[in-house]
Amino acid sequence: MPLQQVNKRYTFADYLTWPENERWEVINGVPQMQSAPTWQHQAISRELLTQFNNYLKDNPCQVFASPFDLRLPETNEKDEETTFIVQPDIIVVCDKEGLKGTGYYGTPTLVIEITSPSTARSDKVWKFNKYEKVGVQEYWIVEPDGKFISVYTLLPDNRYGRPETYTESDMIKVSVFSDFTVDLKPIFETI
């Protein structure tokens, strides 16, 4: 990637010109290089993805894992103009019209982020605020070190309420799918 220009807001069009072997996110027009996740992160991701994929087999919704370009547009912003491009660890999409090229343009139904020391701030502040603003119905923040998950659900006033917090021996009833429960024991026993 060329050196960043001061005061330039980078877009998805810019992002598509960067080397494919590098992992980037663009938060409000500012590029953020991503490092490779730990094996514990990947083990948690694999187990969550497996449970969601098994549940969604006969469902019109689909689950995807990173790398997957989620573009969250501002009002009337075209895909190539988007300045908020992230790589959620797991994403559930129920509106297939937004699936394009390397990911999804629009608002997904559910997003899961697995934190690390280098991503915690982004996951808990910038992404949290953006996911809430665009109307992601359910947002999970997974904390591998403490072996717990905070689940935020969008309320009728389009704000996230207080999180429901679950530990390694709990079951999470997924609010966007009333008949789906995630068992946390196999997720955390792998690490």
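Residues numbered from 1 in each chain as written. Predicted model: local features only at pLDDT ≥ 70, side-chain atom pairs only at ≥ 80, totals over all residues. Heavy atoms only, no water.

### Quick word on the UniProt feature "domain: Putative restriction endonuclease" (unreviewed entry) in the protein
Stage number 1. Those residues carrying the UniProt feature "domain: Putative restriction endonuclease" (unreviewed entry) are residues 13–183 in this numbering.
Stage number 2. The annotated region residues 13–183 carries 20% helix and 31% strand content, and the separation between its end C-alpha atoms amounts to 39 Å. (UniProt positions renumbered as here; feature names shortened; annotations may be inferred. Helix = DSSP H or I, 4+ residues; strand = E, 2+ residues; numbered from the N terminus.)

### A closer look at the nonpolar core
Soluble globular proteins tend to pack their nonpolar side chains together in the buried interior.
Stage number 1. Membership of the largest hydrophobic core comes to 24 residues, with the highest contact counts inside it found for Leu48, Phe52, Trp140 and Val182.
Stage number 2. Setting aside chain neighbours within four positions, we find Val182 in contact with Leu48, Gln51, Phe52, Trp140, Asp170, Met171, Ile172, Val174 and Ile187.
Stage number 3. Core analysis: the next-biggest nonpolar cluster, separate from the first, contains 19 residues, Phe68, Val86, Val111 and Leu154 among them. (Core = buried A, V, L, I, M, F, W, Y, C linked by side-chain atoms within 4.5 Å. Buried < 20%, exposed > 50% of the residue type's maximum accessible area, 1.4 Å probe, protein only. Contact = heavy atoms within 4.5 Å.)

### Some details on helix α3 (residues 120–134)
Stage number 1. Between its first and last C-alpha, α3 extends 20 Å over 15 residues, near the 21 Å set by a 1.5 Å rise per residue.
Stage number 2. Considering bend angle alone, the principal kink of α3 is centred on Lys127 and spans about 40 degrees.
Stage number 3. What α3 keeps buried is the set Ser122, Asp123, Lys127, Phe128, Lys130, Tyr131 and Glu132.
Stage number 4. Considering only its buried residues, α3 is in contact with β1 (24–27), β4 (69–71), β5 (85–86), β9 (110–114), β10 (138–143) and β11 (148–153). (Expected span 1.5 Å × (residues − 1). Bend = angle between axes of the 7 residues up to and from the residue.)

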